[in-house]
Amino acid sequence: MTVHKGRGFACINYPIGMNLGGDPSQALVHSTPDGKFMVSLSSIDLGQGMKSVTRQIAAETLGVPVSDVYVDTADSDTGPHCMGSFASRGTHRVGNAVIRAATEARKALLEAAAEELEVNASDLGTDGQGNIHVKGAPSRTITVADTAIAAQFKQGRTLSGRGIFLIPPSDVDPDTGEMTPVSCFAHAALVVDLEVDDETGEVTVREINSAYEVGRALNPRLVEQQLIGGAWMGVSHALYETTEPYYPDRRHAPGDFNAYLMPGPGEVVDHNIAVLERPAEDAPFGGKGPGEMCANPVLPAIANAVYNAVGVRCDTLPITPEKVLRGLIANGGARPQGVR
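Predicted, not measured: the structure shown is a model, and the values here were computed from it.

*Asks:* Break down the overall build of the protein chain for me, with residues and values.
*Replies:* If you tally the helices and strands in the protein chain, you get six helices and eleven strands. Its C-alpha atoms give the protein chain a radius of gyration of 26 Å, more than 25% over the compact-globule value 20 Å for 340 residues. Taken over the C-alpha atoms alone, the protein chain extends approximately 85 × 50 × 45 Å along its principal axes. Here the protein chain holds 340 residues, and the buried ones make up 44% of them.

*Asks:* So what's going on with helix H5 (residues 298–310)? Residues and values would help.
*Replies:* Helix length check: H5 (13 residues) gives 18 Å between terminal C-alpha atoms against 18 Å at 1.5 Å per residue, within 8%. As for H5, its buried residues are in contact with strand S1 (3–16), strand S9 (184–197), strand S10 (203–213), helix H4 (220–239) and helix H6 (321–331).

*Asks:* Describe the side chain of Gln-155, listing the residues and the values that go with them.
*Replies:* You can see Gln-155 is positioned in helix H3 (residues 144–155). Here the side chain of Gln-155 touches Arg-157 through a polar contact of 2.7 Å, side chain to side chain. Dropping the residues within four chain positions of it, Gln-155 is found in contact with Ala-112, Glu-115, Glu-116 and Ala-150.

*Asks:* Residues and numbers for the side chain of Ser-40, please.
*Replies:* Residue placement: Ser-40 occurs in strand S3 (residues 37–41). Setting aside chain neighbours within four positions, we find Ser-40 in contact with Ala-27, Leu-28, Asp-72 and Pro-80.

*Asks:* Residue-level account of the sheet that holds strand S7 (residues 137–143), with values.
*Replies:* As summarised here, the arrangement of the three strands in space is S5-S6-S7, forming an open sheet in which the pairing is antiparallel. Because the sheet does not close on itself, it has two edges, and the strands there are strand S5 (124–126) and S7. The sheet shows a mean angle of 35° between the axes of neighbouring strands, taken without regard to direction. Inspection of the sheet shows strand S6 (residues 131–134) paired to S7 by four bridges, in the antiparallel sense. Bridge pairing in S7 places Asn-131 opposite Thr-143. Contacts from helix H2 (residues 90–117) reach S5, S6 and S7 within the one sheet, and its direction differs from that of S5 by about 120°. Packed on one face of the sheet, H3 meets S6 and S7 and runs near 55° to S7.

*Asks:* Lay out helix H1 (residues 50–62) with the relevant residues and their values.
*Replies:* The end-to-end C-alpha distance of H1, which contains 13 residues, comes to 18 Å, matching closely the 18 Å that a straight helix rising 1.5 Å per residue would cover. Listed in full, the buried residues belonging to H1 are Met-50, Val-53, Thr-54, Ile-57, Ala-58, Ala-59, Thr-61 and Leu-62. The inward-facing, buried residues of H1 contact strand S2 (25–31), S3, strand S4 (69–73), H2, S5 and H4.

*Asks:* Which residues make up the environment of Ala-188, and what values go with them?
*Replies:* For Ala-188, the location among the structural elements is in strand S9. Distance in space between the C-alpha atoms of Ala-188 and Arg-251 is 39 Å, their sequence separation being 63 residues. Beyond its immediate sequence surroundings of up to four residues, Ala-188 is in contact with Ala-10, Cys-11, Ile-12, Ala-211, Tyr-212, Met-293 and Pro-297.

*Asks:* Account for the sheet that holds S10, with residues named and values stated.
*Replies:* The strands making up a sheet are joined through hydrogen bonds of the backbone, oriented either antiparallel or parallel. The strand order across the open sheet built from four strands is S1-S9-S10-S11, with neighbouring strands paired in mixed fashion. Edge positions in the open sheet fall to S1 and strand S11 (270–276), since each of these has one partner strand only. Here the strands of the sheet are splayed against their neighbours by 15° on average, with no regard to which way each runs. Sheet topology note: the S1/S9 ladder contains 14 bridges and is antiparallel. Across the sheet, residue Val-3 finds its bridge partner in S9, namely Asp-197. Contacts from H4 reach S10 and S11, with the element oriented near 125° to S11.

*Asks:* Account for the pattern of salt bridges, naming residues and giving values.
*Replies:* Summed over the entire model, instances satisfying the criterion amount to eleven salt bridges. Note that Glu-116 and Lys-154 form a salt bridge whose closest N and O atoms lie 3.2 Å from each other. A residue pair is termed long-range when its members are at least 10 positions apart, and Glu-116 in helix H2 and Lys-154 in helix H3 qualify at 38 residues. By relative accessible area, which is 25% here, Glu-116 ends up partly exposed. For Arg-221, the salt bridge goes to Glu-224, with nearest N and O atoms at 3.4 Å. Of the two residues, Arg-221 and Glu-224 both sit in helix H4, three residues apart, roughly one turn of that helix.

Rules and cut-offs
Residues numbered from 1 in each chain as written. Predicted model: local features only at pLDDT ≥ 70, side-chain atom pairs only at ≥ 80, totals over all residues. Heavy atoms only, no water. Helix = DSSP H or I, 4+ residues; strand = E, 2+ residues; numbered from the N terminus. Rg over C-alpha atoms; globule rule 2.2 N^0.38 Å. Buried < 20%, exposed > 50% of the residue type's maximum accessible area, 1.4 Å probe, protein only. Expected span 1.5 Å × (residues − 1). Contact = heavy atoms within 4.5 Å. Polar contact = N/O pair within 3.5 Å; in protein donor to acceptor, adjacent residues only side chain to side chain. Pairing = 2+ DSSP bridges. Axes fitted to C-alpha atoms, helices over the stretch in contact; angles between N-to-C directions. Salt bridge = Lys/Arg side-chain N within 4 Å of Asp/Glu carboxyl O.

Shown next as structure tokens:
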């Protein structure tokens, strides 16, 4: 028995959203009587952190503390329209819609404050701490809460805003049909180090190193967590998860997660990440979001690492011990390609 070390590399570019039909998302923002703000969306948070990011985007645009902003992801019956949580479009599409809605709500907020302070709205600014002040005269101030109270109970104003973001449909070449179905791309490069046992065919991942270009990391900790979790999802797809050999016959399929094969906490390995920030011009505060591309480069990198370790090229997933052993037999044994 010999354990062979292998290293695999893969790089990708990943399209953000689609512009077939405009790919629109809408957002509504309104103030409560006590000066808090509610962001209403039909865009669903699947665990990727979209509610946290849109909350930050709204707070930054409004000029109020993040703690004073709440996000309600209702549903398609009661919320503003959204194409859906797919194609890694949440941060880009929904974030832009939130900026537009929050900008309109901020305009109404400053107009209400201007009436109370008896100045022009253009002379006002916010400090991000819940206060509105006259530029150049910081002593002349009013809180966002008092402004909301005055607007709704004295002035008869609604502090609210509506926003929609959509991509202009791409021009289509009449001769070739060529078009641009996306607006921007995120990028990633990833290296996997692993070991392959040539007696059992078992593949063990030892370390992952990656670099992701996400535009701008609007929430660095959230980005890091998503990249780590997404990469491990990729490992699971590459080495464990399958509905074979009985699909679509369900009689012998796993009935729950006790029987479904996937890696557990004991298989988690070190993952070193470099987040590269290249703010996108059409993205909210430059952020495109990592989305689905977290898992994508892991699969080919693992396949390349297995080939590097023992010379077996697996072109179907998952890369099971059986497939590795069959490849070894076909090759007449392990054929290491050389570890760099």
